[in-house]
Amino acid sequence: MHSSNHIIKFADDTTVVGLINKNDESAYREEVQRLTDWCRTNNLSLNIDKAKEMVVDFRRTRRDHSPLHIDGSTVEIVKSTKFLGVHLAEDLTWSLNTSTITKKAQQHLYFLRRVRKAHLPPPILTTFYRGTIESILSSCITAWFGNCTASDRKSLQRVVRTAENVSVTWLRTYSENMTLSSTETSKVTMRSSSHGWTEVCSAVFSSVTVQDSGMYYCAVVQGKFAHIGNGSKVIVKDPTVSPVIEAISPVSTSSSEGSLQCLVTGVLPAQVEVYWMIDGKRVMGHTHFALSKVTINQLLLSSKEWQSQPACVCVVEYGREVFSKTLQLPDSCSACCVAGLLYVALASVSGLFFFMIIIIKLALYIRNKQR
């Protein structure tokens, strides 16, 4: 064997590496011919269809390389080849190898999603990930990772981050304590479909009741972080029940601000959405819950808004039905009348009390005289 040539043998694969100096290819071609003769002598046949030749040439002026001929057949010259599971390119970059293993690892992410839906414990998911995805990404990593570009490394890291999505679930808010908790698996069936990098998660309810009304959020747990969606409101109505609305306002408008309150009873807080229409403009206000079937929406109006005497309407959306109640703020005259009546009533009670004291003292005086 010539000192400029090397033969690499692994199982039934044979690779001849030749160094060509000063455009002298004789040693390289003699080595290939010697290998062909040895195979023929030992009753071994070379598969010329699978044989490939790749030329690595970094000279400024490249010359055309004449292809090899083995047993009358021409060996194809390629720009890249697969060597022991690693893709080598003629420019000795690793972008082709990275894109190939990334694509293969992405295909295996589907199986990881299927195993995840079976609700297997994290140790089993970790073992499955290491055996089917990490083993692909780390194959011969010591040979090529050090010379990867930043773009290639981002592609690899993207696969790892996607595999970290260990759970997709639906959460529900409870109006009683305003907390988030997972939904009952007996009532909600999760379904998902994958479209490339996008996974669509949906929920199907079964045997629903009025108590199942509320806000539901799709949550994706990625490592130590949870990503929660915007939420979807689910309303289960009882056709025999309608909300009862009561609008309350303060009697006096002399304070710096006034409080409007809208009380909704008869339905669950999760079934309704309450807001105000002030002179035709929608104002949300602040909604809180007093009891399991009492919803209170409070709205504060400034003194200027009070003095303008706006038209206030409490609106309740119950599914696709809309209920409302109009509240006219009391004017200053009615407030004065009420204040006057309260003053007269207070004066009457005080006079009656004073008169009763005089009668009692007079009766005691007459009784003492009689003795």
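Now for a description of the structure that goes with this document.

Thresholds applied
Every chain is numbered independently, its residues counted from 1 as its sequence is written. Local features in this predicted model are restricted to residues of pLDDT 70 or higher, and side-chain atom pairs are both shown and tallied only at a pLDDT of 80 or more, whereas totals for entire chains, interfaces and linings draw on every residue. Only heavy atoms go into the side-chain values, all of them from the structure, while hydrogens and water stay out. Two strands pair if DSSP finds at least two bridges between them. Secondary structure elements follow DSSP: runs of H or I of four or more residues count as helices, runs of E of two or more count as strands, with numbering from the N terminus. For this text, the term disulfide refers to a pair of cysteine sulfurs within 2.5 Å. Here is the rule: rings of Phe, Tyr and Trp (six-membered ring for Trp) pair when centre to centre is within 6.5 Å. Planes less than 30 degrees apart are stacked, more than 60 are edge-to-face, and the remainder are tilted. When the NZ atom of lysine or the CZ atom of arginine is within 6 Å of a ring's centre and also within 35 degrees of its normal, the charge is said to sit over that ring. The convention used is that axes are lines fitted to C-alpha atoms, helices contributing only their stretch in contact, and that angles between N-to-C directions extend from 0 to 180 degrees. Should an angle lie under 35 degrees it is considered roughly parallel, over 145 roughly antiparallel, and from 65 to 115 roughly perpendicular; all remaining angles are considered oblique. The criterion used for residue contact is that any of the two residues' heavy atoms lie within 4.5 Å. Three classes are used: nonpolar for Ala, Val, Leu, Ile, Met, Phe, Trp, Tyr, Cys and Pro, charged for Asp, Glu, Lys and Arg, and polar for all others, with Gly counted as polar. We define the nonpolar core as a collection of buried residues of types Ala, Val, Leu, Ile, Met, Phe, Trp, Tyr and Cys that are connected through side-chain atoms lying within 4.5 Å of one another. Buried residues are those whose accessible area, probed at 1.4 Å on protein chains only, stays under 20% of the maximum for their type, while exposed residues exceed 50% and partly exposed ones sit between those limits. At every residue, the bend is computed as the angle between two fitted axes, covering the seven residues ending there and the seven beginning there respectively. Polar contacts, as used here, are pairs of N or O atoms within 3.5 Å; protein pairs need one atom able to donate a hydrogen and one able to accept it. Residues neighboring in sequence count only if both atoms are side-chain atoms.

1. A few points about the pairing of strand β8 (residues 86-89)
So, step 1. Pairing of strand β7 (residues 80-83) with β8, which is carried by four bridges, proceeds in the antiparallel orientation. Residue S80 lies in a different strand from β8, and its bridge partner there is A89.

2. Here's the deal with the state of the cysteines
So, step 1. Per the counting criterion, the structure on display carries one disulfide.
So, step 2. Each sulfur in the disulfide pair C262 and C314 lies 1.8 Å from the other. Negative torsions about the S-S bond denote left-handed disulfides, and the value of about -80 degrees found for C262 with C314 makes this one left-handed. Within this pair, whereas C262 is found in strand β17 (residues 257-265), its partner C314 is found in strand β22 (residues 311-318), the two being separated by 52 residues in sequence.

3. Details of the packing of aromatic side chains
So, step 1. What the rule picks out here adds up to two aromatic pairs.
So, step 2. Ring centres of Y110 and F111 lie 5.5 Å apart, and the angle between their planes is 75 degrees; on these two criteria the pair is classed as edge-to-face.
So, step 3. Summarising the aromatic geometry, the rings of W144 and F145 are spaced 6.2 Å apart at their centres and angled 70 degrees between planes, so their arrangement reads as edge-to-face.
So, step 4. Over the face of the ring belonging to F145 we find R153, whose NZ or CZ atom lies 4.6 Å from the ring centre.
So, step 5. Here R282 stacks its cationic end above the ring of Y275, 3.8 Å away from the centre of that ring.

4. Some details on the packing of helix α2 (residues 95-117) against helix α3 (residues 122-137)
Two numbers describe a pair of packed helices, the interaxial angle and the distance between the axes.
So, step 1. It is at 8 Å that the axes of α2 and α3 come closest, and there the two elements cross at 170 degrees. As summarised for this structure, α2 and α3 are arranged roughly antiparallel, according to the angle between their axes. From α2, I101, K104, A105, H108, L109, F111, L112, V115 and R116 reach across to α3, where they touch L125, F128, T132, I133, I136 and L137.
So, step 2. By residue class, the composition of the contact of α2 with α3 is eleven nonpolar, two polar and two charged.

5. Section: the nonpolar core
So, step 1. The biggest cluster of nonpolar side chains holds 18 residues, and the ones touching the most others in it are L260, C262, V274, W276, C314 and V316.
So, step 2. Secondary structure elements with two or more residues in this core: β16 (244-248), β17, β18 (272-278), β21 (294-302) and β22.
So, step 3. Setting aside residues up to four positions removed in sequence, V316 forms contacts with P243, I245, V264, V272, E273, V274, E321, V322 and F323.
So, step 4. By size, the runner-up hydrophobic cluster in this structure holds 15 residues, among which are W94, Y129, I136 and V159.

6. A word on α3
So, step 1. Of all the bends in α3, the greatest measures close to 40 degrees and is centred on R130.
So, step 2. Three or more residues of α3 are buried, namely L125, Y129, I133, I136 and L137.

7. Details of the side chain of Q271
So, step 1. Here Q271 shows up in the loop between β17 and β18.
So, step 2. Residue Q271 is classed as buried on the basis of its relative accessible area of 2%.
So, step 3. A polar contact of 2.5 Å, which involves the side chain of Q271, links it to the backbone oxygen of V236.
So, step 4. Here the side chain of Q271 touches L268 through a polar contact of 2.9 Å, landing on its backbone nitrogen.

Read these as geometric descriptors, not functional statements.
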